[in-house]
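The lines below spell out each chain.
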Amino acid sequence: MNLSTRFGGKLPVFQQSCSFFIGVPKLGFLSFLHQKRRFRSGFSKKMAWNVERCEVDVESKMGLVHSATEFYADEAIEALKAGKVIAVPTDTLYGFACDACSSEAVNRIYEIKGRKHTSPLAICVGDVPDIKRFAVTDHLPHGLLDSLLPGPVTVILGRGESSVLEKSLNPGLDNLGVRVPDSDFIRIIARGAESALALTSANQSGQPSSVIIKDFENLWEHCTYVYDGGVLPAGRAGSTVVDLTKPGKYRILRPGSAKEQTVAILEKYSLLEEAASG
């Protein structure tokens, strides 16, 4: 028996064995290749779509964010006059700002922060002489406000009947927190808006305050513009809040970032610390 005869009878068995790996799943293998190509194609399309969506999201966010410079002041002023909410740096923290005389914009700030309307908002003005348009200052020693402000201080003053503020801002409260931050951008836009700005920290209620715009990135979408002033160096303590509603007296309501300097100025003008009630 020659070699071919010896293996001839076994060859079909060998072919059948090989077909288990190659012959039988031949169509399945081609189908697998086809599915693989489809998977790659679908994966590529999905990846492309994700990249495109990411680029759109980034572009959308970047369209909101501008540098806090005078170059962008006019657009910020127009947004405020249109009743929009913007995010701005101050000399302490990043804040949400809007026209204090726009009840719709003020309500929008409360919505963004998830804040109860019983929590009052402070106002910001461009210059110290503007304060008397919105609050009572006649009882204060001459020069006191100019010594405290601009700076990281919120002064609590009586609202007064002559205040030009809408009654919808902090309704039912006779007093008002007033700021003149030592920060050029917000003062420029406050002057340009020709109104007081409602101002509060740029964060959701109960969350840490923001010293860089990344801290409140989840809230950017609720603002018309976000103005980037870099990392703010004052820390997260916020402004020092001092009650100046009573003649000759003061009361520190929040130590903030400038308590010592503030107390030194108050005592220089012969104001006495009011004893804590209770």
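Parameters and conventions
Residues numbered from 1 in each chain as written. Predicted model: local features only at pLDDT ≥ 70, side-chain atom pairs only at ≥ 80, totals over all residues. Heavy atoms only, no water. Helix = DSSP H or I, 4+ residues; strand = E, 2+ residues; numbered from the N terminus. Buried < 20%, exposed > 50% of the residue type's maximum accessible area, 1.4 Å probe, protein only. Contact = heavy atoms within 4.5 Å. Areas by Shrake-Rupley, 256 points an atom, 1.4 Å probe, with all protein chains shown as cover. Patch = residues over 30% accessible without salt bridge, like charges linked within 9 Å, V, L, I, M, F, W, Y side chains within 5 Å. Salt bridge = Lys/Arg side-chain N within 4 Å of Asp/Glu carboxyl O. Lys, Arg positive; Asp, Glu negative; His and termini not counted. Charge placed at Lys NZ, Arg CZ, Asp CG, Glu CD. Polar contact = N/O pair within 3.5 Å; in protein donor to acceptor, adjacent residues only side chain to side chain. Core = buried A, V, L, I, M, F, W, Y, C linked by side-chain atoms within 4.5 Å. Axes fitted to C-alpha atoms, helices over the stretch in contact; angles between N-to-C directions. Parallel < 35°, antiparallel > 145°, perpendicular 65-115°, else oblique. Left-handed = near helix turned anticlockwise from the far one by under 90°. Nonpolar A, V, L, I, M, F, W, Y, C, P; charged D, E, K, R; others polar. Pairing = 2+ DSSP bridges.

A.B. asks: How do you make sense of the overall build of the protein when you look at a structure like this?
C.D. replies: Secondary structure summary: the protein contains eight helices and eleven strands in total. In the protein, which comprises 278 residues, the share counted as buried stands at 39%. A fraction of 64% describes how many contacts in the protein between residues 6 or more apart in sequence connect residues 24 or more apart. As displayed, the protein offers around 16,000 Å² of accessible surface, 55% of which is attributable to carbon and sulfur atoms.

A.B. asks: Can you help me understand a negative patch on the surface in this one?
C.D. replies: Residues Glu-70, Asp-74, Glu-78, Asp-182 and Asp-184 make up a contiguous surface patch of negative charge. Looking at the element boundaries, Glu-78 is found in helix H4 (residues 73-81). You can call Glu-78 exposed: its relative accessible area is 51%.

A.B. asks: Is there a simple way to think about the side chain of Asn-170 in this case?
C.D. replies: Mapped onto the fold, Asn-170 is located in the loop between strand E5 (153-158) and strand E6 (175-179). From its side chain, Asn-170 meets the backbone oxygen of Leu-121 in a polar contact 2.8 Å long. Sequence-distant contacts of Asn-170, defined by excluding residues within four places in its chain, comprise Tyr-110, Pro-120, Leu-121, Arg-159 and Leu-176.

A.B. asks: What is the right way to look at the nonpolar core in this model?
C.D. replies: The nonpolar side chains of soluble globular proteins are, as a tendency, buried together. Counting residues in each nonpolar core, the largest one holds 52 residues, and the members touching the most others are Phe-96, Ile-123, Ile-131, Val-155, Leu-169, Phe-216 and Leu-244. Residue assignment for this core shows that the elements contributing at least two residues are strand E3 (94-99), helix H5 (103-113), helix H6 (144-148), E5, E6, strand E10 (249-254) and helix H8 (259-268). Residues in contact with Leu-244, not counting those within four places in the same chain, are His-139, Leu-140, Leu-144, Leu-148, Val-155, Ile-156, Leu-157, Lys-249, Tyr-250, Leu-266 and Leu-271. Judged by nonpolar contacts, the second largest core, of 17 residues, contains Ile-77, Ala-79, Ile-186 and Leu-197.

A.B. asks: What is the right way to look at the packing of H4 against helix H7 (residues 184-193) in this model?
C.D. replies: Packed helices, taken two at a time, are described by the angle between their axes plus the distance between the axes. Relative to each other, H4 and H7 sit at 50°, their axes nearing to 9 Å. Between H4 and H7, the angle is such that the two are oblique. Between H4 and H7 the crossing geometry is right-handed. In this structure, H4 contributes Ala-73, Ala-76, Ile-77, Leu-80 and Lys-81 to the contact, and H7 contributes Phe-185, Ile-188, Ile-189, Gly-192 and Ala-193. Residue classes in the contact of H4 with H7 are distributed as eight nonpolar, one polar and one charged.

A.B. asks: What is the right way to look at the sheet that holds E3 in this model?
C.D. replies: What links the strands of a sheet is backbone hydrogen bonding, and the strands pair in either a parallel or an antiparallel sense. Taken together, eleven strands build an open sheet; the order of strands is E1-E8-E2-E3-E7-E4-E6-E5-E9-E10-E11 and the sheet is mixed. Of all the strands in the sheet, the pair left with one neighbour each is strand E1 (65-67) and strand E11 (272-273). Across the sheet, H4 is in contact with E1, strand E2 (86-89), E3, strand E7 (197-201) and strand E8 (225-228); its angle to E8 comes to roughly 140°.

A.B. asks: Sorry, what's going on with the side chain of Asp-243 here?
C.D. replies: Its location among the elements puts Asp-243 in strand E9 (residues 240-243). Taking relative accessible area as the criterion, Asp-243 reaches 10% and is therefore assigned buried. Polar side-chain contacts of Asp-243 include one of 2.7 Å to the side chain of Thr-245. When neighbours within four sequence positions are excluded, Asp-243 is seen to be in contact with Ile-156, Lys-249, Tyr-250, Arg-251 and Leu-253.

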